[in-house]
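Examination of the molecular architecture
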Amino acid sequence: MQIALSVKNVTKRFGDFVAVDDVSLSVEDGKFFSILGPSGCGKTTLLRMIAGFYEQSGGTIELRGQDMTDVEPNKRPVNLVFQNLALFPMMNVYENIAFGLRRRGEKSPAIAKKVNGLLERVGLPGAGKKTIDQLSGGQRQRIAIARCLVLDPTVLLLDEPLGALDAKLREHMKVELKKLQAQVGTTFVYITHDQSEAMVMSDAVAVMNAGRFEQIGTPQELYHNPASSFVAQFVGNNNKLRAVMHKDERGGFFARYGNGMDFKVDGAFDLSGGDAYDLFVRPESLVINPVEAKQELNVMPAAVKAILFDGGNSRLLVTPDGFADELVVALPQTKQFDHIRAGDRVRIGWDASKSVCFKRADWKIYDDE
Amino acid sequence: MKRSPGRAGAAGGAGSPGGLYAAPSLFWLTVFFLAPLAIIVAYSFLTPGPRGGVEWKPTLDAYRAIANPSFARVTLNTIVVAIGATAVTMLIAVPCGYYMARSSRQTLLLMLVMIPFWTNFLIRIYAWIAILGNEGFLNDLLIATGLARQSVRFLYNRGAVMLVLVYTYLPYAILPLYSTIDKFDFSLLEAARDLGASKLGAINKVLLPNIKGGILTAFLFTFIPIFGAYAVPLLVGGTDSYMLGNLIADELTKSRDWPLASAISLVITLVTTMGVLLLLRANGTSVLGGSGDGEKPVPEASSAAAYGAQAIGGSR
Ligand SMILES: Nc1ncnc2c1ncn2[C@@H]1O[C@H](COP(=O)(O)OP(=O)(O)OP(=O)(O)O)[C@@H](O)[C@H]1O
Ligand SMILES: [Mg+2]
């Protein structure tokens, strides 16, 4: 597979402030690549460097193997869907899409064919004569994407294009966008701070925090094997338990929670005794009233605080005895747990191999406290 | 009393409250605009009285007098000064407006532009005389520094008139330009660049069409008053900068030929009005429609659709 976009050790400084810090990535042709990170972590800055609107302070950006350092934005084979879309208000839909083709000096019949073809493709045939303010939010979205796709870019860059839409439409557009990408086969580099967008659409995701990449991987890898505390917390839902790591007499480790309770840990982590750790357990890894057969299970009694019913995504909010934290536990809708009411006492447990732990010092910007 | 929304929508129709609300401004327009205009039209077809005023004998003498070549010379002069001063004003105002819109200290800059309005217009002209006069500040400076042996004559020529006119009307051009450019979304320029436009192409195809309303407003706000300038050429001009405004005043006060003054005024009014209308039509804009929003060409079919949607919305 050919590499469409390759970013090598790219850094961007604004004065003393490092907005993007030594970031590397490479995207194969035809893939959907997402960059996921909280607000202000440097996503837009990175994208603008790829598009050519900022010059990187260090590192190189290559498109299909060609160095882009001294190439003007209008000469780069990438197109950017802006965070605010930036559709031209004084032009109708047709002219917006035709803009890039006209700049290339293409002939009118060829332009008409391409523009109408693309309007069809994004599901808005015959909308060419409409003005931009006659379009709905979702339609503008599609026109902004069509305006770029018509130029057949090597890479299409999208800067949180669904950010301005309401939740319902965003759900819908997620799927639409994924389908469109599969259809046209263009390489997408997609920026978002919404982890579910990134997970649903992407072939690979880079998780970004404070200007750095924390981890690059498939959505499954990020979910099941987070490489850092940040990723564990940012991708998907997670319960966080603050604990201190201790070594037992056989050289294994266990985590001691604030109330003196010990948890087994299992897995290839970089552990050291006596340090403060965060232990992460996903809601679906927590089992209600487990059958205590396995050795590796951490089990504790808990009080049910609330039932958060949400169909297949229902949860229990529980407080284990002696805990300061509340834990979120997946509540399978299999009728097995229908008898549980708020205030009931249950036992909850998890398999030690299903939890991950990271040293507390890992935290940088993002913290939910 | 309950008014149905349908009736409110038809405001302006006979017997609707709209007519009542419009009455004061209608009265104002009639008394202070239409009536004087009617008087000017009427006077231009009458015979001049012996000491100003008119005699009620209809004649076309005034219009015959306009055909006189001296009138053509003054007109030409006025056009040259007006075009020149407007052009210079615009050339300064566009970058100024752009800079102000992009600056982080907009309020301060706006204040600076508006400070001249705090001082009377005539006093500011006299200030220029104090600067440029034979014994003025500039000449004092030149002589003191030895750059000139004797005072240079800066005043009483076309250059001085243009300078003071540009100075006077610059804020009127900067303000509308500033307000349109300020509303312009500069990410559009980047979008244009991203889609393959050169720097100049992006400005031509995206910036200018979006701020043309402001450019037009600035142009009209400068050109029209400069075309009718009177005080500036009177105070700092010479024989080569005698303008139509001065001619009208002289006909009125010195020659006491009120019909001729009226006829000249009328011709100027007609010519400028026609010019403005043509410009507006060519641009498809409204004079005060600042931002460039709402200036989009709306294809007939879709505008009808939009109208339909409004009608439905209105009847709910
Ligand atoms: N031109 C600039 N000059 C100085 N600092 C800047 C500039 N542009 C961005 N920054 C800073 O760089 C950091 C990253 O900004 P960036 O716009 O890339 O964030 P982002 O990840 O896109 O955030 P969001 O999700 O809110 O859009 C921010 O702290 C911002 O203040
Ligand atoms: Mg951003």
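Residues numbered from 1 in each chain as written. Chains lettered and ligands numbered in written order. Predicted model: local features only at pLDDT ≥ 70, side-chain atom pairs only at ≥ 80, totals over all residues. Heavy atoms only, no water.

All names here are of chain B. Where helix H12 (residues 244-253) meets helix H13 (residues 258-283), the closest approach of the two axes is 7 Å, and the angle between their N-to-C directions is 155°. In this view, H12 runs roughly antiparallel relative to H13, as classed from their interaxial angle. Where H12 crosses over H13, the handedness of that crossing is left-handed. In contact with Leu-244, Leu-247, Ile-248, Glu-251 and Leu-252 of H12, H13 contributes Trp-258, Leu-260, Ala-261, Ile-264, Ser-265 and Ile-268. (Axes fitted to C-alpha atoms, helices over the stretch in contact; angles between N-to-C directions. Helix = DSSP H or I, 4+ residues; strand = E, 2+ residues; numbered from the N terminus. Parallel < 35°, antiparallel > 145°, perpendicular 65-115°, else oblique. Left-handed = near helix turned anticlockwise from the far one by under 90°. Contact = heavy atoms within 4.5 Å.)

Quick look at the site of ligand 1 now. All names here are of chain A. Every one of the 13 residues lining ligand 1 counts as a neighbour, but Ser-39, Gly-40, Thr-44, Thr-45 and Glu-160 are closest to it. At 2.5 Å, a side-chain N or O of Ser-39 approaches an oxygen atom of ligand 1. In the complex, 63% of the free accessible area of ligand 1, which totals 630 Å², lies under the protein chains. Going through the elements one at a time, strand E2 (17-28) and helix H1 (43-51) are the ones with two or more residues in the shell around ligand 1. Tallied by class, residues from the shell around ligand 1 come to five nonpolar, six polar and two charged. (Near = heavy atom within 4 Å. Polar contact = N/O pair within 3.5 Å; in protein donor to acceptor, adjacent residues only side chain to side chain. Areas by Shrake-Rupley, 256 points an atom, 1.4 Å probe, with all protein chains shown as cover. Nonpolar A, V, L, I, M, F, W, Y, C, P; charged D, E, K, R; others polar.)

With that settled, consider the interface of chain B and chain A. Opposite the 23 residues of chain B that make contact, chain A presents 27 residues. Between chain B and chain A, a total of about 2200 Å² is buried, with carbon and sulfur atoms accounting for 59% of that surface. At the surface where chain B touches chain A, the tally comes to two salt bridges. Between Arg-48 of chain A and Glu-190 of chain B there is a salt bridge whose closest N-O contact spans 2.6 Å. Elements represented by at least two residues in the side of chain B that touches chain A include exactly helix H9 (187-194), helix H10 (199-227) and helix H14 (300-315) of chain B. Counting residues per element, the side of chain B that touches chain A draws most heavily on H9 of chain B, at seven residues. (Buried area = accessible area lost by both parts, 1.4 Å probe. Salt bridge = Lys/Arg side-chain N within 4 Å of Asp/Glu carboxyl O.)

Another point: the environment of Gly-274 of chain A. All names here are of chain A. Inspection of the secondary structure assignment puts Gly-274 in the loop between strand E13 (262-264) and strand E14 (276-281). Along the sequence, Gly-274 and Ser-6 sit 268 residues apart, while their C-alpha atoms lie 41 Å from each other. Setting aside chain neighbours within four positions, we find Gly-274 in contact with Val-244 and Met-245.

Take the confidence of the model for chain B next. All names here are of chain B. For chain B, the average pLDDT comes to 83, and 84% of its residues sit at 70 or higher. Residue range residues 1-13 is modelled with pLDDT below 50. Its contacts to residues more than four positions away, or to other chains, number four contacts. Note on residues 286-316: pLDDT is under 50 here. Beyond four places in sequence and across chains, it has 33 contacts. The complex model carries a pTM of 0.78, and its ipTM stands at 0.82. (pLDDT = per-residue confidence, 0-100.)

Turning next to the domain arrangement of chain A. Residues and elements named next belong to chain A. Domain assignment breaks chain A into domain 1 (3-232) and domain 2 (237-359). On the domain 2 side, the residues contacting the seven residues of domain 1 number seven residues. Interface area, domain 1 with domain 2, both sides summed: about 620 Å², of which 49% is carbon and sulfur. Three residues, Tyr-223, Ser-229 and Ala-232, lead the burial of domain 1 against domain 2; their summed loss comes to 75% of the area buried on that side. Where domain 1 packs against domain 2, one counts zero salt bridges. Counting the contacts that link domain 1 with domain 2 gives three residue pairs in polar contact (both at pLDDT 80 or more). Mapped onto the side of domain 1 that touches domain 2, the elements with two or more residues apiece are helix H7 (219-224) and helix H8 (229-234). Residue composition of the side of domain 1 that touches domain 2, by class: five nonpolar, two polar and no charged. (Domains from an automatic or database assignment.)

Here we come to the sheet that holds E2 of chain A. Hydrogen bonds between backbone groups are what pair the strands of a sheet, and the pairing can be parallel or antiparallel. Residues and elements named next belong to chain A. If you walk across this open sheet you meet the four strands as E2-E1-E4-E5, and the pairing is antiparallel. Each edge of the sheet is formed by a strand with only one pairing partner; in this case those strands are E2 and strand E5 (66-67). Those strands touched by H1 are strand E1 (3-14), E2 and strand E4 (58-63), and its axis lies near 120° from that of E1. (Pairing = 2+ DSSP bridges.)

All names here are of chain B. A cluster of nonpolar side chains, contributed by Leu-108, Met-111, Leu-112, Met-114, Ile-115, Phe-117, Trp-118, Tyr-172 and Phe-221, occupies part of the molecular surface with about 860 Å² of accessible area. Per-element tally for the nonpolar patch: the top contributor is helix H5 (residues 106-114), with four residues. Relative to the assigned elements, Leu-108 resides in helix H5. (Patch = residues over 30% accessible without salt bridge, like charges linked within 9 Å, V, L, I, M, F, W, Y side chains within 5 Å.)

Right, let's get into the side chain of Arg-142 of chain A. Residue and element names in this part refer to chain A. Among the secondary structure elements, Arg-142 is positioned in helix H4 (residues 137-149). One buried charged residue, Arg-142, remains without a salt bridge, the closest side chain of opposite sign being Glu-176 at 4.4 Å. At 3.2 Å, the side chain of Arg-142 forms a polar contact with the backbone oxygen of Val-122. Excluding residues within four positions of it along the chain, Arg-142 makes contact with Val-122, Gly-123, Leu-124, Met-173 and Glu-176. (Buried < 20%, exposed > 50% of the residue type's maximum accessible area, 1.4 Å probe, protein only. Lys, Arg positive; Asp, Glu negative; His and termini not counted.)

Moving on, we get to the sheet that holds strand E15 (residues 287-288) of chain A. Residue and element names in this part refer to chain A. Spatially, the five strands line up as an open sheet ordered E15-E19-E16-E17-E18, and their pairing is antiparallel. Every interior strand has two partners, whereas the edge strands, E15 and strand E18 (327-330), have only one. One ladder, built from two bridges, connects E15 with strand E19 (residues 345-351); its direction is antiparallel. Bridge pairing links Val-287 to Gly-349 in E19.

All names here are of chain A. Between its first and last C-alpha, helix H3 (residues 108-121) extends 20 Å over 14 residues, near the 20 Å set by a 1.5 Å rise per residue. Considered for burial, the residues of H3 that qualify are Ile-111, Val-115, Leu-118 and Leu-119. Take H3 and look down its axis: the buried residues cluster within an arc of 105°, on one side only. For H3, the exposed residues lying more than 90 degrees away from the buried face are Pro-109, Lys-113 and Glu-120. On its buried face, H3 is in contact with helix H2 (93-103) and H4. (Expected span 1.5 Å × (residues − 1). Arc of directions from axis to C-beta.)

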